[in-house]
Each structure stands twice: as C-alpha cells, then as structure tokens.
Amino acid sequence: QVQLLESGGGLVQAGGSLRLSCAASGSIFSINRMAWYRQAPGRQRGLVASITGGAITNYRDSVRGRFTISRDNAKNTVYLQMNSLKPEDTAVYYCNADAIASYGGNYANYWGQGTQVTVSS
C-alpha cells in the first residue's frame, strides 16, 4: 500500500558529500517514524538515522555530526545529508517508514529498494 523510492546514491571520494532522498507514495494516511538504514557486504543492516514525528532525531554514533536527517511531511519525503564521507560509509542505504495506509488502520513497516553509496579512499 505504501511504496518508498530512494534516490541520490552514487560514487564519491572520501570527504565528499551526498544527499539521499526517499519519497513515500501510494495509500498514506499517516507516517510516524522514517529512517535510513545501511548494509555493507558481510554486515548486518543497521540504523543510520531516524526521525520521528517530524522532530525527534536519532543517529548512529559513527555518523553523528556528519549526517543530518530531515523530512518534508507535505511531500512524504525523508532526506539524509551526508557530509565528510568515509570509506566505511560504503553500503546500500535503505529507506524505512512506519505508516498507516488508511483511516482506522494499523501501523505497518515499509522498506525501499535501497540505493548504493560508495566512498573511495
């Protein structure tokens, strides 16, 4: 009922920046929490940053101070501004959202397809 589409990934040199976007579409009544996760080869998927209720943010320790998560509720879009990128940031980045698809419905969790971020040394 809800689809998430990421964009903005790519190849960047260490110290560079990228801005990821994730637009939610489909039947959306309400979105509470939106987040970015990442998964590198041989590693488990882990939280990068989250934003809840449009204001409360949380960051993985290794990205705090370098990454900024924000959202535009009118557009049902979440962003991840990534600065001072390091090779260890290389991973597939996935958008995630907790959303209610219709009035009276329950929250469900949705995932995007992922976008590759590669940081060269």
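Throughout what follows, the structure given in this document is the object of discussion. (Residues numbered from 1 in each chain as written. Predicted model: local features only at pLDDT ≥ 70, side-chain atom pairs only at ≥ 80, totals over all residues. Heavy atoms only, no water.)

## Some words on the sheet that holds strand β3 (residues 18-26)
Neighbouring strands of a sheet are bound in pairs by backbone hydrogen bonds; such pairs are parallel or else antiparallel.
Working step 1: With antiparallel pairing, the four strands of this open sheet are ordered in space as β1-β3-β8-β7. Every other strand in the sheet has two partners, leaving β1 (2-7) and β7 (67-72) as the edge strands with one partner each. Strand-to-strand twist across the sheet, computed as the mean angle between neighbouring axes with direction ignored, equals 15°.
Working step 2: Sheet analysis places β3 next to strand β8 (residues 77-82), joined by six bridges and oriented antiparallel. By the bridge assignment for β8, A23 is matched with T77. (Pairing = 2+ DSSP bridges. Helix = DSSP H or I, 4+ residues; strand = E, 2+ residues; numbered from the N terminus. Axes fitted to C-alpha atoms, helices over the stretch in contact; angles between N-to-C directions.)

## Regarding the state of the cysteines
Working step 1: Throughout the structure, instances matching the rule amount to one disulfide.
Working step 2: Across a sulfur-sulfur distance of 2.0 Å, C22 and C95 are joined as a disulfide pair. The sign of the S-S torsion, about -85°, decides the handedness of the disulfide formed by C22 and C95: left-handed. Of the two residues, C22 sits in strand β3 while C95 sits in strand β9 (residues 91-100), which places them 73 residues apart along the sequence. Each of the two residues, C22 as well as C95, counts as buried. (Disulfide = S-S within 2.5 Å. Buried < 20%, exposed > 50% of the residue type's maximum accessible area, 1.4 Å probe, protein only.)

## Comments concerning the packing of aromatic side chains
How two aromatic rings sit relative to each other is set out by the distance from centre to centre and by the angle between their planes.
Working step 1: One pass over the full model with this rule turns up three aromatic pairs.
Working step 2: One residue, R19, lies across the ring of Y79, its end atom 4.3 Å from the ring centre.
Working step 3: Seen from the ring of W111, R45 lies directly overhead, with NZ or CZ sitting 4.7 Å from the centre. (Phe/Tyr/Trp six-rings, centres within 6.5 Å; stacked < 30°, edge-to-face > 60°. Lys NZ or Arg CZ within 6 Å of the ring centre and 35° of its normal.)

## Quick look at the environment of G9
Working step 1: If you trace the backbone, G9 turns up in the loop between β1 and β2 (10-13).
Working step 2: On the basis of relative accessible area, G9 is assigned to the partly exposed category, the value being 34%.
Working step 3: Along the backbone, G9 and S30 are 21 residues apart, and their C-alpha atoms lie at a distance of 26 Å.

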